[in-house]
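# Fold and geometry: a report
Each chain, letter by letter, is given below.
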Amino acid sequence: MFTLLNIAQPDTLQEAYQILTAKKSNAILGGCAYLRMGSQTIHTGVDLSKLGLDFIKEYDTYIEIGAMACLRDVETNKAIAKWFSGIVAKSVRSIIGVQFRNVATVGASVFSRYGFSDFLTALMVLDTEIELYKGGRLPLARFMDMSRAKDILLKVIIHKTPRTAAYLALRNSQSDYPVLTVAVSRLDDDWKIAVGARPTRAKLAAQAVLLLANAGDVTPDTLDQAARLAAEELPFGANMRASAEYRRAMCTTLVKRGLAEVTACR
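The model shown is predicted, which means the values in this text are computed figures rather than measured ones. (Residues numbered from 1 in each chain as written. Predicted model: local features only at pLDDT ≥ 70, side-chain atom pairs only at ≥ 80, totals over all residues. Heavy atoms only, no water.)

Right, let's get into the overall build of the chain. Within the chain, the regular secondary structure consists of 11 helices and 12 strands. Compactness check: the chain gives a C-alpha radius of gyration of 19 Å against a globular reference of 18 Å for 266 residues, within 12% of the reference. If you line up the chain on its principal axes, its C-alpha atoms span 60 × 45 × 30 Å. Within the chain, buried positions represent 51% of all 266 residues. Within the chain, residue pairs in contact and separated by at least 24 positions form 62% of the contacts whose partners lie at least 6 positions apart. Summing over all exposed atoms, the chain offers an accessible surface of approximately 12,100 Å²; the carbon and sulfur share of this is 50%. Charge separation in the chain, taken as the distance between the mean sites of 33 positive and 26 negative side-chain charges, equals 5 Å. (Helix = DSSP H or I, 4+ residues; strand = E, 2+ residues; numbered from the N terminus. Rg over C-alpha atoms; globule rule 2.2 N^0.38 Å. Buried < 20%, exposed > 50% of the residue type's maximum accessible area, 1.4 Å probe, protein only. Contact = heavy atoms within 4.5 Å. Areas by Shrake-Rupley, 256 points an atom, 1.4 Å probe, with all protein chains shown as cover. Lys, Arg positive; Asp, Glu negative; His and termini not counted. Charge placed at Lys NZ, Arg CZ, Asp CG, Glu CD.)

Put into structure tokens, the structure is as follows:
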């Protein structure tokens, strides 16, 4: 359990950022679902609940999800469910339980770039941007490769495109953290494959999608080659849930299933 010495509830984003950056050990508080698993001492916890960031808004060409929206909001939102083969809602549906998803926030999952985040893996294969208070708007894929810096995530922006998509996750038990997560999407010849819980953060398989884009007709043999290439090009590690070798083997299987599902949807 973490130790919290002070708590602040700022009325403006500027005030929130000033408090956050005033001391190295200050931190943003979301639902504290994952924070409770740590043991750090936080000098001042910054609660963003007064800043109106708990929203999900649909516009003509994109959907915005505020940082303080919870994962249960994402799971049950009708606008999110009807786009991208429903993979965003599907990705959060198996995260522990409803009570937990009512607490865990979008901002914590995305900004912290948790390796075990089902939600992030799904977002990686969509046309997703994020908006930071100081860093501004940038593609999610670029943010995933950036080093950590103090900032405040304001929202996630998912652009509406006619992508077909699939999401798969492997767990040792239904309520456990995933052993491996895989998301696949396709828009014409633009493929995206993301693999997460490796056990590090989700990453795109660049060589595998290049093979698919140049293949022309996508055959079962092409899908098999792409799945194997994705498992070869991405690094895997071991933890208490699985070995690196097991994750690599399962990556081939899950990516192939995801590719087949997306191809069948066309």
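Right, let's talk about the packing of aromatic side chains for a bit. Tallying each qualifying case throughout the model produces 6 aromatic pairs. Seen in terms of ring centroids, Phe-111 and Phe-143 are 5.9 Å apart; in terms of plane orientation they differ by 35 degrees. Their pairing is tilted. With Phe-111 in helix 6 (residues 106-111) and Phe-143 in helix 8 (residues 140-145), the pair connects residues that are 32 residues apart, well separated along the chain. On the accessibility criterion, Phe-143 (2% relative accessible area) is buried. Through a chain of ring-to-ring contacts, three or more aromatic side chains come together here, namely Tyr-114, Phe-116 and Tyr-177. (Phe/Tyr/Trp six-rings, centres within 6.5 Å; stacked < 30°, edge-to-face > 60°.)

This part takes up the sheet that holds strand 6 (residues 128-132). Here we have 5 strands laid out as an open sheet, ordered 4-5-8-6-7, and antiparallel in their pairing. Each edge of the sheet is formed by a strand with only one pairing partner; in this case those strands are strand 4 (56-58) and strand 7 (136-139). Each adjacent strand pair in this sheet contributes to an overall mean axis angle of 20 degrees, direction not counted. Bridge analysis of strand 6 against strand 7 gives 4 bridges, and the strand direction is antiparallel. Counted as the bridge partner of Glu-129 is Pro-139 from strand 7. (Pairing = 2+ DSSP bridges. Axes fitted to C-alpha atoms, helices over the stretch in contact; angles between N-to-C directions.)

Structurally, the position occupied by Thr-164 is in strand 9 (residues 164-171). By relative accessible area, which is 15% here, Thr-164 ends up buried. Sequence separation between Thr-164 and Cys-265 is 101 residues, and the spatial gap between their C-alpha atoms is 6.8 Å.

One pass over the full model with this rule turns up 15 salt bridges. With a closest N to O distance of 2.5 Å, Arg-163 and Asp-190 form a salt bridge. Taken as a pair, Arg-163 in the loop between strand 8 (153-159) and strand 9 and Asp-190 in strand 11 (residues 190-196) lie far apart in primary sequence, 27 residues in all. Several salt bridges converge on common partners, so that one network encompasses Glu-64, Glu-129, Glu-131, Arg-137 and Lys-155. (Salt bridge = Lys/Arg side-chain N within 4 Å of Asp/Glu carboxyl O.)

Reading across from one edge, 1-3-2 is the order of the 3 strands in this open sheet, with parallel pairing throughout. The sheet terminates laterally at strand 1 (3-8) and strand 2 (27-29), the two strands that pair on one side only. Averaged over all neighbouring strand pairs, the angle between strand axes comes to 40 degrees, with direction disregarded. Strand direction decides the pairing type here: strand 1 and strand 3 (residues 41-47), joined by 5 bridges, are parallel.

Turning our eyes to something else, we now look at the packing of helix 10 (residues 220-233) against helix 11 (residues 244-264). Where helix 10 contacts helix 11, the two axes come as close as 8 Å, and the packing angle between them is 140 degrees. Relative to helix 11, the element helix 10 lies oblique. The two elements helix 10 and helix 11 cross, and the hand of that crossing is right-handed. Contacts between helix 10 and helix 11 involve Leu-223, Asp-224, Ala-226, Ala-227, Arg-228, Ala-230, Ala-231 and Glu-232 from the former and Arg-248, Cys-251, Thr-252, Val-255, Lys-256, Leu-259, Ala-260 and Thr-263 from the latter. Of the residues assigned to the contact of helix 10 with helix 11, the class counts are 9 nonpolar, 2 polar and 5 charged. (Parallel < 35°, antiparallel > 145°, perpendicular 65-115°, else oblique. Left-handed = near helix turned anticlockwise from the far one by under 90°. Nonpolar A, V, L, I, M, F, W, Y, C, P; charged D, E, K, R; others polar.)

Just geometry here; none of it tells us what the structure is for.
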